[in-house]
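One letter stands for each residue in the lines below.
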Amino acid sequence: MTASGWSANQFSALLGAYRTETGLSQSAVTGLFAVYVVGLIPGLLAGGPLADRYGRRPVTLTALGLNLVSTCMLMAGAAAPWCLLPRRFVTGVGAGALLAAGSAWVKELSSPPYDPDGAPATAAKRSGMFVSAGFASGGLAAALIAQWAPAPMVTA
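So, how was this worked out
Residues numbered from 1 in each chain as written. Predicted model: local features only at pLDDT ≥ 70, side-chain atom pairs only at ≥ 80, totals over all residues. Heavy atoms only, no water. Helix = DSSP H or I, 4+ residues; strand = E, 2+ residues; numbered from the N terminus. Areas by Shrake-Rupley, 256 points an atom, 1.4 Å probe, with all protein chains shown as cover. Lys, Arg positive; Asp, Glu negative; His and termini not counted. Charge placed at Lys NZ, Arg CZ, Asp CG, Glu CD. Expected span 1.5 Å × (residues − 1). Buried < 20%, exposed > 50% of the residue type's maximum accessible area, 1.4 Å probe, protein only. Contact = heavy atoms within 4.5 Å. 1 Å grid on protein atoms, 1.4 Å probe; cavity = no way out; pocket = protein on both sides within 12 Å on 5 of 7 lines; lining within 4 Å. Points joined across faces, edges and corners; volume = space filled by probe spheres on them. Nonpolar A, V, L, I, M, F, W, Y, C, P; charged D, E, K, R; others polar. Core = buried A, V, L, I, M, F, W, Y, C linked by side-chain atoms within 4.5 Å. Salt bridge = Lys/Arg side-chain N within 4 Å of Asp/Glu carboxyl O.

Now, about the overall build of the protein chain: what can you tell me, with residues and values included?
Helices and strands together make up the secondary structure of the protein chain, namely 7 helices and 0 strands. Along the protein chain, helices (α) and strands (β) appear in the sequence α-α-α-α-α-α-α when read from the amino end. Projected onto the principal axes, the alpha-carbon positions of the protein chain cover approximately 55 × 30 × 20 Å. For the protein chain, the exposed surface amounts to about 8100 Å²; the carbon and sulfur share of it is 71%. In the protein chain, the 9 positive side-chain charges and the 5 negative ones have mean positions that sit 8 Å from each other.

Give me the lowdown on helix H6 (residues 122–148), citing residues and values where you can.
Under the 1.5 Å per step criterion, the end-to-end length of H6 is 39 Å for 27 residues, consistent within 8% with the ideal 39 Å. Those residues of H6 not exposed but buried are Thr122, Ala123, Ser127, Val131, Gly134, Gly138, Gly139, Ala141, Ala142 and Ala146.

Describe the side chain of Ser4, with residues and values.
Along the polypeptide, Ser4 turns up in helix H1 (residues 2–10). Residue classification places Ser4 among the buried residues on the basis of a relative accessible area of 1%. If near-sequence neighbours (up to four positions away) are discounted, Ser4 is found in contact with Asn67, Ala95, Leu98 and Leu99.

Describe the layout of surface pockets, naming the residues involved and giving the relevant values.
Taken as a whole, the largest pocket encloses approximately 260 Å³ of empty space. Lining the largest pocket are 19 residues, and of these Trp6, Gln10, Thr71, Met75 and Ala156 lie nearest its centre. Element by element, the count of residues in the lining of the largest pocket is highest for helix H4 (residues 56–76), at 6 residues. Considering only residue class, the lining of the largest pocket consists of 14 nonpolar, 5 polar and no charged.

Before we move on, can you summarise the nonpolar core with the specific residues and values?
Judged by nonpolar contacts, the single largest core of 13 residues is most densely connected at Leu14, Tyr18, Leu24, Leu32 and Leu84. Elements with a minimum of two residues in this core: helix H2 (15–22), helix H3 (26–54) and H6. Sequence-distant contacts of Leu14, defined by excluding residues within four places in its chain, comprise Ala142, Ala146 and Ala156.

So what's going on with the pattern of salt bridges? Residues and values would help.
One pass over the structure, following the stated rule, counts 3 salt bridges. A salt bridge links Arg56 to Glu108, with the nearest nitrogen and oxygen atoms 3.5 Å apart. Placement of the pair is Arg56 in helix H4 and Glu108 in helix H5 (residues 84–109), with a sequence separation of 52 residues. The exposure class assigned to Arg56 is buried, which follows from its relative accessible area of 18%. The class for Glu108 is partly exposed, based on a relative accessible area of 34%.

See below:
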């Protein structure tokens, strides 16, 4: 869940860098953000039913792998702005599926028999905490790397 939040939010901190480093217009950068949101929709809609059918763990780990692949694709294609649209879409699909299946898995693990003492709101708190940690750390780390590391469009 934290990795999903990280990969979803690391790009937001780089929007300014994409404008300055690649020469993208404001509308193009906004489009890159929008295509991510469009990718979230099928990921969220499919992640839960797939987790019900095939199990929480396999769907969550597959979605996590998709997030890793999309991050590597973004790193490899930083010099080619036209490649960013499909890669951002894949990031959205992976993040949506991971959020849906991962939240269900956290809920399952926060209930008996896995957590016999878990209060009713424990699952929501845990899920929210893990995703929020990823949202906060991903954006912060990407911004710091983009500001001070060499090759910011690749390393961030």
